[in-house]
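# Structural description and commentary
Chain residues, written in single-letter form:
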Amino acid sequence: MNNFIYNTPTKVYFGKDQELEVGRLVKACDVQKVLLHYGGRSAKESGLLDRVKKALEEEEISYVELGGVVANPELALVRKGIELCKAEGVDFILAVGGGSVMDSAKDIANGAANPDVDVWDFSMGKASPKATLKKGCILTLSAAGSEMSDSCVITDAEHGDKRGYNSPMNRMDFAIENPELTYTVNDYQTACGTVDIAMHTIERFFMPGEDTYLTDSIAIAVMKSVMHAGIDCLLDPEDYNARANMMWASSLAHNGLTGCGRSGQMAVHQLEHEVSGMYPQVAHGAGLAAIWCSWARYVYSAHIPRWLQYAHEVWNKDIDYEHPELTILDAIDEQEAYYESINMPTNLKVVGVKEEDLEVLAEKCSRGKTRKLIGYMELGYEEILEIYKMAWDA
């Protein structure tokens, strides 16, 4: 087992009506002014935004608003939020929404607290935030896991670049998780969320590291539980227990727990970020589904025992020890069939990626042929391009 640091300081308030406590929770953070940050119509039309405002007003907490966050949250809105925080004396960011809103809120908090640094430098790895504003969130979509992660992913739409960075400053002070707030999430976004949640743990499962059987057991439980809950949510969008298990899995899958003792990169996430950065109409979860099976078929030979464990424990496959690759490929086929069963794409062509852009994507992902993705198999420009080609032809 590799050395690791596990730190999850975010306090979670889980269950029905927990959003009604937001005024009290913000007040306990001893703040002067809140930036209420959200996306489009849903927060308003559902009445959630009004309930949040009322809760803040009852505690005599002043606030300013900034809506308009889109999927693949954009740098331009982050910059606008930073300037608004400076002008209004904001010292707390409250994100109401899903992963895009939370990531935008994190970046605004970091940018406002480090005014002498260009906030995009954090995403590009040129600087690290030394301070941040306090922040919390009310989760309305189970997917990104940003409510408990140290990750922040932002898109520079002008240049088609999507970049993520990790920092302790990205942790939320608190997260409010009421599964009922996800009842109105449509089937497509529910399916995308199912893929994203599971992928946060699947990718950690295939990071290098040995003898992590406790972590493995947790990871496998999360993988199987979220895929089960995803089906149940699609069958009955108001199944509280299914939505609750999805929401809790979202938090556990990306707070570091399911990767303790293992280390590496989320290669499929890195591959997908370039796709949705260049093609913003591609939902992150859909992009992951479109790439994962091709990535899996390309890399599995680098660590046969690990992939056999996945086949046996996740998909209940009997191991063919004479031809272990057949067992593994059968399990990958099962994962692909699962994606198809929830109407997720399994190739890049169907999400609109153009064949002539594959080399551009590989160039971006390899940072101009200077970077290799780290894992049991290192992936440089040529390997990345081959996976994109496989995912396009699949």
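You'll find the structure just up there.
Residues numbered from 1 in each chain as written. Predicted model: local features only at pLDDT ≥ 70, side-chain atom pairs only at ≥ 80, totals over all residues. Heavy atoms only, no water.

A few words now on the sheet that holds strand S2 (residues 33-38). In spatial order, the strands read S1-S8-S5-S4-S2-S3; together these six strands make up an open sheet with parallel pairing. Looking at the sheet topology across the chains shown, the edges are occupied by strand S1 (11-14) and strand S3 (62-66). Recorded for the sheet is a direction-independent mean angle of 20 degrees between the axes of neighbouring strands. Looking at chain direction, strand S4 (residues 92-97) and strand S5 (residues 134-139) are connected through six bridges and run parallel. Each residue of the ladder has a partner; that of Val 96, found in S5, is Ile 138. Where helix H4 (residues 75-88) meets the sheet, its contacts fall on S2, S3 and S4, and the angle it forms with S3 comes to roughly 160 degrees. (Pairing = 2+ DSSP bridges. Helix = DSSP H or I, 4+ residues; strand = E, 2+ residues; numbered from the N terminus. Axes fitted to C-alpha atoms, helices over the stretch in contact; angles between N-to-C directions. Contact = heavy atoms within 4.5 Å.)

Moving on, we come to the nonpolar core. Counting 68 residues, the largest nonpolar core has Trp 292, Trp 295, Trp 307, Leu 348 and Tyr 388 as its most contacted members. At ten residues, helix H11 (residues 284-299) tops the list of elements feeding residues into this core. Judged by nonpolar contacts, the second largest core, of 30 residues, contains Ile 82, Ile 93, Ala 105 and Leu 139. (Core = buried A, V, L, I, M, F, W, Y, C linked by side-chain atoms within 4.5 Å. Buried < 20%, exposed > 50% of the residue type's maximum accessible area, 1.4 Å probe, protein only.)

Throughout the structure, instances matching the rule amount to two cavities of 30 Å³ or more. If you trace the largest cavity, you find 13 residues lining it, with Phe 206, Trp 295, Gly 375, Tyr 376 and Met 377 closest to the centre. Of the residues belonging to the lining of the largest cavity, the class tally is ten nonpolar, two polar and one charged. Volume-wise, the second largest cavity comes out at about 40 Å³. (1 Å grid on protein atoms, 1.4 Å probe; cavity = no way out; pocket = protein on both sides within 12 Å on 5 of 7 lines; lining within 4 Å. Points joined across faces, edges and corners; volume = space filled by probe spheres on them. Nonpolar A, V, L, I, M, F, W, Y, C, P; charged D, E, K, R; others polar.)

A cluster of acidic residues, Glu 355, Glu 356, Glu 386 and Asp 393, forms a negative patch on the protein surface. Locating Asp 393 in the fold gives a position in helix H15 (residues 381-393). (Patch = residues over 30% accessible without salt bridge, like charges linked within 9 Å, V, L, I, M, F, W, Y side chains within 5 Å. Areas by Shrake-Rupley, 256 points an atom, 1.4 Å probe, with all protein chains shown as cover. Salt bridge = Lys/Arg side-chain N within 4 Å of Asp/Glu carboxyl O. Lys, Arg positive; Asp, Glu negative; His and termini not counted. Charge placed at Lys NZ, Arg CZ, Asp CG, Glu CD.)

Time to look at the environment of Ile 197. Within the secondary structure layout, Ile 197 lies in helix H7 (residues 187-205). Judged by relative accessible area, which is 0%, Ile 197 ranks as buried. Here the alpha-carbon distance between Ile 197 and Trp 120, two residues 77 residues apart in the chain, equals 26 Å. When sequence neighbours within four positions are dropped, the list of residues in contact with Ile 197 reads Ser 142, Ala 143, Val 226, Met 246, Ala 249, Ser 250 and Ala 253.

The final tally for this structure, using the stated rule, is 13 aromatic pairs. Ring geometry for Phe 92 versus Phe 174: centroids 5.9 Å apart, planes at 25 degrees, classification stacked. Here Phe 92, found in strand S4, pairs with Phe 174, found in strand S8 (residues 174-177); they are 82 residues apart in sequence, far enough to count as distant. Phe 174 carries the same exposure label as Phe 92, and that label is buried. Plain terms: the ring middles of Tyr 338 and Tyr 339 are 6.4 Å apart, the flat faces sit at 65 degrees to each other, and that makes the pair edge-to-face. We classify Tyr 339 as buried; its relative accessible area is 2%. Linked through ring pairs, Phe 205, Phe 206, Trp 292, Trp 295, Trp 307 and Tyr 310 together constitute an aromatic cluster. One cation-aromatic arrangement involves Lys 16 over Tyr 240; the distance from NZ or CZ to the ring centre is 4.7 Å. Its end group placed over the ring of Phe 205, Arg 306 keeps NZ or CZ at 3.8 Å from the ring centre. (Phe/Tyr/Trp six-rings, centres within 6.5 Å; stacked < 30°, edge-to-face > 60°. Lys NZ or Arg CZ within 6 Å of the ring centre and 35° of its normal.)

All right, on to helix H3 (residues 48-58) then. Residue pairs three or four apart in sequence face the same way in an α-helix, which turns once every 3.6 residues. Within the span of H3, buried status applies to Leu 48, Leu 49, Val 52, Lys 53, Ala 55 and Leu 56. What you see down the axis of H3 is that its buried residues fit within an arc of 160 degrees, all on one side. Exposed residues pointing more than 90 degrees away from the buried face of H3 are listed as Asp 50, Lys 54 and Glu 58. Just past H3, the residue Glu 60 takes up positive phi, approximately 60 degrees. (Arc of directions from axis to C-beta.)

Let us now look at a nonpolar patch on the surface. Taken together, the side chains of Met 1, Phe 4 and Tyr 6 make up a nonpolar region of the molecular surface, amounting to roughly 320 Å² of accessible area. Looking at the element boundaries, Met 1 is found in the segment before S1. Residue Met 1 is classed as exposed on the basis of its relative accessible area, which comes to 53%.

This paragraph deals with the pairing of strand S6 (residues 151-156). Judged by how many residues are buried, S6 sits mostly within the fold: six of six residues are covered. Residues of S6 alternate between two faces, with Ser 151, Val 153 and Thr 155 on one and Cys 152, Ile 154 and Asp 156 on the opposite face, all of them buried. In this antiparallel pair of consecutive strands, S6 and strand S7 (residues 161-166), the connection spans four residues, and Gly 160 shows a positive phi of 70 degrees.

Structurally, Asp 216 is set in helix H8 (residues 213-235). Judged by relative accessible area, Asp 216 falls into the buried class, the value being 6%. Once residues within four sequence positions are removed from consideration, Asp 216 is found in contact with Phe 205, Arg 262, Arg 306 and Gln 309.

Next up on the list: the environment of Met 377. With respect to the helices and strands, Met 377 occurs in the loop between helix H14 (358-365) and H15. With 179 residues separating them along the chain, Met 377 and Ala 198 place their C-alpha atoms 21 Å apart. Not counting residues within four places of it along the chain, the set of residues in contact with Met 377 comprises Tyr 298, Val 299, Ser 301 and Ala 302.

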